[in-house]
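# Coordinate analysis (summary)
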Amino acid sequence: RMQEQPRCSRARFVPHICVGGELCPTHASEADLALLRSLSDVQDDFLDGFDWAALAAGGGKGGTLLAFHKCRGKAFVVKELSPSDHEALLRLAPAYVVHATRHRDTLLAPFFAHFHRPSTGVHYVAMGSVLPAPVAAVAAASAPSVYDLKGTADDKTLLYEGEKRRDVHKRFFNVGMRVCDLASRKCCRPFAAAADVAADAWAPGRRQYAAGKQHARDVRFPLPAPACAWMCARLESDAAFLRRHNLMDYSLLVRTYRLPPPGAAADPALAAAHEAAAAAAAAGRDARCTWATCPGTASGRTSRTTSSRRAT
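Residues numbered from 1 in each chain as written. Predicted model: local features only at pLDDT ≥ 70, side-chain atom pairs only at ≥ 80, totals over all residues. Heavy atoms only, no water.

## Regarding the environment of Val125
The residue Val125 is located in strand 7 (residues 122-128) in this model. A C-alpha to C-alpha distance of 5.6 Å links Val125 and Ala113, two positions twelve residues apart in sequence. Excluding anything up to four places from it in sequence, Val125 contacts Val77, Val78, Lys79, Leu81, Leu89, Phe111 and Ala113. (Helix = DSSP H or I, 4+ residues; strand = E, 2+ residues; numbered from the N terminus. Contact = heavy atoms within 4.5 Å.)

## With respect to the packing of aromatic side chains
Evaluated as defined, the whole model comprises nine aromatic pairs. Seen in terms of ring centroids, Phe76 and Phe112 are 6.1 Å apart; in terms of plane orientation they differ by 75°. Their pairing is edge-to-face. Note that Phe76 is positioned in strand 5 (residues 74-81) and Phe112 in strand 6 (residues 111-117), a separation of 36 residues in sequence. Considered together, Phe76 and Phe112 belong to a single accessibility category, that of buried residues. Aromatic rings pair up to connect Phe50, Trp52, Phe115 and Tyr124 into one cluster. One cation-aromatic arrangement involves Arg117 over Trp52; the distance from NZ or CZ to the ring centre is 3.8 Å. (Phe/Tyr/Trp six-rings, centres within 6.5 Å; stacked < 30°, edge-to-face > 60°. Buried < 20%, exposed > 50% of the residue type's maximum accessible area, 1.4 Å probe, protein only. Lys NZ or Arg CZ within 6 Å of the ring centre and 35° of its normal.)

## Side note on helix 1 (residues 30-39)
If you check which residues of helix 1 are buried, you get Glu30, Leu33, Ala34, Leu36 and Arg37. In a view along the axis of helix 1, the buried residues occupy a sector of 160°, so they form one face of it. Those residues of helix 1 hidden inside the fold are in contact with helix 2 (83-102) and strand 6. A positive backbone phi angle near 55° is found at Asp41, which sits one or two residues after helix 1. (Arc of directions from axis to C-beta.)

## A look at the sheet that holds strand 7
A sheet is described by the order of its strands in space; here five strands give the open sequence 3-4-5-7-6, paired in antiparallel fashion. With one partner strand each, in any of the chains shown, strand 3 (56-57) and strand 6 form the two edges of the open sheet. As paired elements, strand 3 and strand 4 (residues 65-71) share two bridges and run antiparallel to each other. From the neighbouring strand, Ala57 faces strand 4, where its bridge partner is Leu65. (Pairing = 2+ DSSP bridges.)

## Points about the packing of helix 1 against helix 2
Contact geometry for helix 1 and helix 2: axes closest at 9 Å, N-to-C directions at 25°. Taken together, the axes of helix 1 and helix 2 lie roughly parallel to each other. The interaxial crossing formed by helix 1 with helix 2 has left-handed handedness. For the pair helix 1 and helix 2, the contacting residues are Asp32, Leu33, Leu35, Leu36 and Leu39 in the first and Ala93, Pro94, Tyr96, Val97, Ala100 and Thr101 in the second. Along the lines of polarity and charge, the residues of the contact of helix 1 with helix 2 split into nine nonpolar, one polar and one charged. (Axes fitted to C-alpha atoms, helices over the stretch in contact; angles between N-to-C directions. Parallel < 35°, antiparallel > 145°, perpendicular 65-115°, else oblique. Left-handed = near helix turned anticlockwise from the far one by under 90°. Nonpolar A, V, L, I, M, F, W, Y, C, P; charged D, E, K, R; others polar.)

## Looking at the pattern of salt bridges
Within this structure, the stated rule accounts for six salt bridges. In this structure, Asp154 engages Lys213 in a salt bridge whose closest nitrogen and oxygen atoms are separated by 3.6 Å. Taken together, the residues Asp154 in the loop between strand 8 (144-149) and strand 9 (156-160) and Lys213 in helix 6 (residues 206-218) connect sequence positions 59 residues apart. Looking at Lys213, the relative accessible area reads 13%, which means it is buried. Taken together, the shared-partner salt bridges in this structure form one network comprising Glu30, Arg37 and Asp44. (Salt bridge = Lys/Arg side-chain N within 4 Å of Asp/Glu carboxyl O.)

That is the geometry; function is a separate question.
Take a look at the structure:
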């Protein structure tokens, strides 16, 4: 039998980190981020099995590449950094770690590594998944919806009941799309049907994307008073940190699962989902998870909401 390797001491400066078989130098921020790895039980070798070929455009306005990675049951995101983001992380890492360790229930994305790939000269950051893993029984009984919320006209629906919403932006040079949007307005009712057909032909998915943005602005998440107070306190604390350091363009990611009310159907999987929901709420399984029954809504269904604030 091979002797088990001793577990390396963490919460210390690691000058190199192995990422997908390549030895990548870390930056000065490593001394701070190693502490977060230690507190989150993330080992120094968590990126050993990363697949560099998985890097792809993430859809953000910056155009940087990202890839998802799993290790020992935990989910991570590896993302390229622009030169300005790289410099910002070097500058802010000490203050960020102080905030994250003082406020262990922060909704800010957990940063675990900041490194440089010598073969390409690109800087990267490795983050923990910004949304907690769902209760298995709930995930099996309901398709999730995910919202990217900024509190502005830039709110959008990323996933609606399991269906991904593709970004179809209306740029200034898309003259045909703007004409179709104008013809769809109330003042041009006679042309609305033709405009909708033309819009679908000109930019497939645009109407669905626009409807998703409107839905994200209108959607409400009913919460019990204690859960609402907890969420507001976390948001105020994290927003104050970002404001102190003059950071902007951040959003709140919200994932929901909707279940029919208990007893609505004699489905063992549904019954298991409600039991798991009650157990998770009673045990306080995850401080980021809140449960609310909404009998006053038209659907009268149960919603599980998980949230995280993502800074970009």
